[in-house]
Amino acid sequence: MQMDVVEKLLAELLKAEPRRSVISIYGMGGLGKTTLARNLYSSRSLITSFHARAWICVSQEYNTLDLLRNIIKSIKGCTKKTLDLLEMMTERDLEIYLRDLLKKRKYLVVVDDVWHREAWESLKRAFPDSKNGSRVIITTRKEDVAERADDKGFVHRLRFLSQEESWDLFCRKLLDVRTMIPAMEGLAREMVNKCGGLPLAIVVLSGLLLHKKGLEEWQKVKAHLWQHMKDDSIEISYILSLSYNDLSPVLKQCFLYFGIFPEDRVICANNIMWFWMAEGFIPNGEERMEDVAEGFLNELIRRSLIQVDGIFWEKVIKCRIHDLLRDLAVHKALELNFFDIYDPRKCSISSLCLRHAIHGQAERYLTLYRSNLKLRSITFFDQENHKLEFRIMFRNTFQHLYVLYLENRSVGDELPYAIGNLFHLKFLYLTDISTLPSSIGNLKNLQTLHVFDVYNTSFLRLPPETSKLKNLRHLVAPYSEPLQHISKLTSLQVLKHISCDQWKYVDPVDLVNVQELSMQNVGKSYYLNNISSLKNLSILILCCEFGESFPNLEYLGSCQNLHKLWLEGRIEKLPLSDHFPSSITTMVLWNSKLMEDPMPILGMLPNLRNLDLVRAYEGKELTCIDNGFCQLEFLHLANLQNLEIWHSDTNALPSIKGLGIQDCPKLKEIPQLMKNVATLELLKATHLEVGAYQELTRVA
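Residues numbered from 1 in each chain as written. Predicted model: local features only at pLDDT ≥ 70, side-chain atom pairs only at ≥ 80, totals over all residues. Heavy atoms only, no water.

**Overview of the overall build of the protein**
Reasoning step 1: In terms of regular secondary structure, the protein is built from 21 helices and 28 strands.
Reasoning step 2: Relative to the globule expectation of 27 Å for 700 residues, the C-alpha radius of gyration of the protein, 27 Å, shows essentially globular dimensions.
Reasoning step 3: With the principal axes as the frame, the protein shows a C-alpha extent of 70 × 65 × 65 Å.
Reasoning step 4: In the protein, once contacts between residues fewer than 6 apart in sequence are set aside, the share between residues at least 24 apart is 57%.
Reasoning step 5: With the model as given, the accessible surface of the protein reaches about 29700 Å², and the carbon-plus-sulfur share is 48%.
Reasoning step 6: Treating the 85 positive side-chain charges of the protein as one cloud and the 85 negative ones as another, the clouds have centres 3 Å apart. (Helix = DSSP H or I, 4+ residues; strand = E, 2+ residues; numbered from the N terminus. Rg over C-alpha atoms; globule rule 2.2 N^0.38 Å. Contact = heavy atoms within 4.5 Å. Areas by Shrake-Rupley, 256 points an atom, 1.4 Å probe, with all protein chains shown as cover. Lys, Arg positive; Asp, Glu negative; His and termini not counted. Charge placed at Lys NZ, Arg CZ, Asp CG, Glu CD.)

**Thoughts on the packing of helix α4 (residues 64–76) against helix α5 (residues 80–87)**
Reasoning step 1: It is the contact of α4 with α5, at a shortest axis distance of 11 Å, that shows an interaxial angle of 160 degrees. Between α4 and α5, the angle falls in the class roughly antiparallel. Crossing geometry of α4 relative to α5 is assigned as right-handed. Between α4 and α5, the residues in contact are Arg 69, Ile 72, Lys 73 and Lys 76 and Thr 82, Leu 83, Leu 86 and Glu 87, respectively.
Reasoning step 2: Among the residues forming the contact of α4 with α5, the class breakdown is three nonpolar, one polar and four charged. (Axes fitted to C-alpha atoms, helices over the stretch in contact; angles between N-to-C directions. Parallel < 35°, antiparallel > 145°, perpendicular 65-115°, else oblique. Left-handed = near helix turned anticlockwise from the far one by under 90°. Nonpolar A, V, L, I, M, F, W, Y, C, P; charged D, E, K, R; others polar.)

**Side note on the packing of aromatic side chains**
Reasoning step 1: This model, assessed by the stated rule, comprises 23 aromatic pairs.
Reasoning step 2: Judged by centre distance (5.1 Å) and plane angle (40 degrees), the ring pair of Phe 381 and Tyr 405 falls under tilted. Linking Phe 381 in the loop between β13 (377–380) and α19 (390–397) with Tyr 405 in strand β14 (residues 403–406), this pair joins segments that are 24 residues apart in sequence. Of the two residues, Phe 381 and Tyr 405, neither departs from the other in class, the shared state being buried.
Reasoning step 3: Cluster of aromatic residues (ring-pair linked, three or more members): Tyr 257, Phe 261, Phe 275, Phe 281, Phe 338, Phe 339, Phe 381, Tyr 405, Phe 427 and Tyr 429. (Phe/Tyr/Trp six-rings, centres within 6.5 Å; stacked < 30°, edge-to-face > 60°. Buried < 20%, exposed > 50% of the residue type's maximum accessible area, 1.4 Å probe, protein only.)

**Quick notes on the sheet that holds strand β10 (residues 315–320)**
Reasoning step 1: Taken together, the three strands give an open sheet; going across it, the order is β8-β10-β9, and neighbouring strands pair in antiparallel fashion. Of all strands in the sheet, those with a lone pairing partner are β8 (267–268) and β9 (307–312), marking the two edges.
Reasoning step 2: Both β8 and β10 contribute to a ladder of two bridges, which runs antiparallel. The residue of β10 that forms the bridge with Cys 268 is Lys 318.
Reasoning step 3: Most of the contacts of helix α16 (residues 289–302) go to β10, to which it runs at about 55 degrees, and overall it touches β9 and β10. (Pairing = 2+ DSSP bridges.)

**Remarks on helix α15 (residues 269–279)**
Reasoning step 1: The element α15 is extensively covered by neighbouring structure, given that 10 of its 11 residues are classed as buried.
Reasoning step 2: Following α15 by one or two positions, Gly 280 adopts a phi angle in the positive range, close to 85 degrees.

**Some points on the sheet that holds strand β1 (residues 21–26)**
Reasoning step 1: Taken together, the five strands give an open sheet; going across it, the order is β2-β3-β4-β1-β5, and neighbouring strands pair in parallel fashion. The open sheet has two edge strands with one neighbour each: β2 (52–57) and β5 (154–157). On average, adjacent strands in this sheet sit at an angle of 10 degrees to one another, irrespective of strand direction.
Reasoning step 2: Note that strand β3 (residues 107–112) and strand β4 (residues 135–140) share four bridges and pair parallel. Within the sheet, the bridge partner assigned to Val 110 lies in β4 and is Ile 137.

**Quick notes on the pairing of strand β20 (residues 539–544)**
Reasoning step 1: Here β20 lies mainly inside the structure; six of its six residues are buried.
Reasoning step 2: Side chains of β20 alternate between two faces, with Ile 539, Ile 541 and Cys 543 and Leu 540, Leu 542 and Cys 544 buried alike.
Reasoning step 3: In the sheet, strand β19 (residues 516–522) pairs with β20 via five bridges, with the strands oriented parallel. Bridge pairing in β20 places Glu 516 opposite Ile 539.

**Section: the nonpolar core**
Reasoning step 1: Leu 40, Phe 170, Leu 205, Phe 255, Phe 258, Trp 276 and Leu 300 are the most contacted members of the largest nonpolar core, which has 102 residues in total.
Reasoning step 2: The leading source of residues in this core is helix α11 (residues 199–210), at nine residues.
Reasoning step 3: Setting aside chain neighbours within four positions, we find Leu 40 in contact with Val 6, Leu 9, Leu 10, Leu 13, Ile 25, Leu 46 and Ile 137.
Reasoning step 4: In terms of nonpolar packing, the next biggest core, distinct from the first, is built from 96 residues, Ala 362, Ala 616, Trp 646 and Ala 652 among them. (Core = buried A, V, L, I, M, F, W, Y, C linked by side-chain atoms within 4.5 Å.)

**Side note on the side chain of Ser 439**
Reasoning step 1: Within the secondary structure, Ser 439 sits in the loop between β15 (427–431) and β16 (448–452).
Reasoning step 2: Judged by its relative accessible area of 1%, Ser 439 falls in the buried class.
Reasoning step 3: A polar contact is formed between the side chain of Ser 439 and the backbone oxygen of Tyr 417, at a distance of 2.5 Å.
Reasoning step 4: Setting aside anything within four residues of it in sequence, one finds Ser 439 in contact with Tyr 417, Ile 419 and Gly 420. (Polar contact = N/O pair within 3.5 Å; in protein donor to acceptor, adjacent residues only side chain to side chain.)

**A few points about the confidence of the model for the protein**
Low pLDDT marks stretches whose predicted atomic positions should not be read closely.
Reasoning step 1: Residues of the protein with pLDDT of at least 70 account for 91%, and the chain-wide mean is 86.
Reasoning step 2: For the protein, helix α21 (residues 692–696) is the element with the lowest average pLDDT, namely 51, and helix α14 (residues 249–257) is the one with the highest, namely 97.
Reasoning step 3: pLDDT under 50 marks residues 681–693. Its contacts with residues more than four places away, or in other chains, come to 33 contacts. (pLDDT = per-residue confidence, 0-100.)

**Section: unusual backbone geometry**
Reasoning step 1: Despite not being glycine, Asp 264 has its phi angle at roughly 65 degrees, a positive value.
Reasoning step 2: Considering the arrangement of structural elements, one finds Asp 264 in the loop between α14 and β8.
Reasoning step 3: Even without being a glycine, Asn 591 presents a positive backbone phi close to 60 degrees.
Reasoning step 4: A residue is classified by how much of its surface remains accessible, and Asn 591, at 12% relative accessible area, is buried.

Below, the structure written as structure tokens:
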């Protein structure tokens, strides 16, 4: 990213000009328009300067109704009341509602990927000019769209990279430049120069060469590229195709799956990997399927075919695909009959494809098919709120499904009993379901049950028949009592969002495979000691109900494979260091409100590398003792309102690499040994309140 451009546009967005103005960023696909807009949008100076922010992606096939709804939801939130209200509104109603919502606020709206002037014209009436410095950012490939968006607006044409900048970007993506012998460097420079300064072409080329070993392999890549030169440069479409063709057959299938999602969609990394597992792309051998799938995702990222959108605890949790690469995936998928996306304009979709994706007008799609299509996967991304007749689908149409993804909230609070007819189902994603029918026990092959709570308010009841899901590996849902049925789920690997005081009824002896557990709304009266029986537990997230304290935590010492621990809520007394497992590498204490200095205890943990203390300590002094924190690399202190003095002995923190301090207003000085330590980028989570972990990782 050209930092001079970022600073220039930030200055334009923040200048003392009261008129609502439009900043247009334009250039060809792959130049980095959306990346630049995203950098601006997430800038701390803009976050603090604008009272309301929203981001929408328009693309070629846009629907003004949906765009207006999405802006309103970004600003007002996704409560049931709001969503129900928006569904009843006409386009004119939405326009008036949005104007009223914005007119008293200083707002920033990003309108990404505008192809037609008409799209912007249909939206701009909803953006009032209250003379308070509000701004709109538009990204587009079209010069005329950029130039005519605002008579007095600011237009920035994104330039191509220079040869020096191109080479620098190539080397950064290549990871280890030292492996290049001079002859390879010469080849690489020739190829990079022919990319014409287009960042996407350069990073994909770098990802391709990263997986080619030796001079001869690089020469073959060059020979392929030179055959498809046009105007003395390499067509980006050919570089993308060449990188796709270089994938193994299974990686090609994994890549194509990203095309199923709507354009510019942030994708939950776990979901995409669990899709692959359900489809049979991931071999079930000695290595955990989850680990193999994560390796596949990381290879697609290293090849720059997939972009990282969020990292948590050193793992990718959110990702996305560039629209040019998504176009490639959709095109290849149709060629191979891999999947098709329902086209509501033609009211058609390929009956030859094994997978169907519905991005809108699901009701019309369901009227098309009543024969027994042998579909393997169907994904509904339609977010319309009217009632759909899914019962017919479960009974007659999709009995061969391996994957059913229902982002649509129109199933109702209770899943139809007929879901039990989908005997082959391995992946089931639902939205805002509060009750599962007893027939769920028929889904003997189910690996993933993920219920997403849009409003973050409801809880799911698990029927006794849940205990029959012997192959269930991932149970992710805001579920409450009864909980004891999970004791028999011996294949379970991930168990997230428990919200009840029934863990005491769980016999975890058979839950030998659970590696990740998260529990919310914990109270002081909870009995959690039998968590110590989860011998393979690696990640533990415990979040107290607001104002509550944790029960005794000494059982943690028995979790000998625990690596990552997040405790959110008041801790009346921190256990001694020997009551924490020595295996812990990462710890977050959030809202702990400890009265005693935690550093002498935490400093004795031998493998602790990352420590976050957020509103964790109420005292005035911290002390890092000699030989304490021997492996700690990153320390983050935030919202320690009373902290005045930080002592550190000479031999403490010998491995420290990064330090972040935020909102510690009384702390005047840091220890001398910390003054040369790199300043950490502030964590994305630091502005969140109770429920921070759930919000941080919350993505459909």
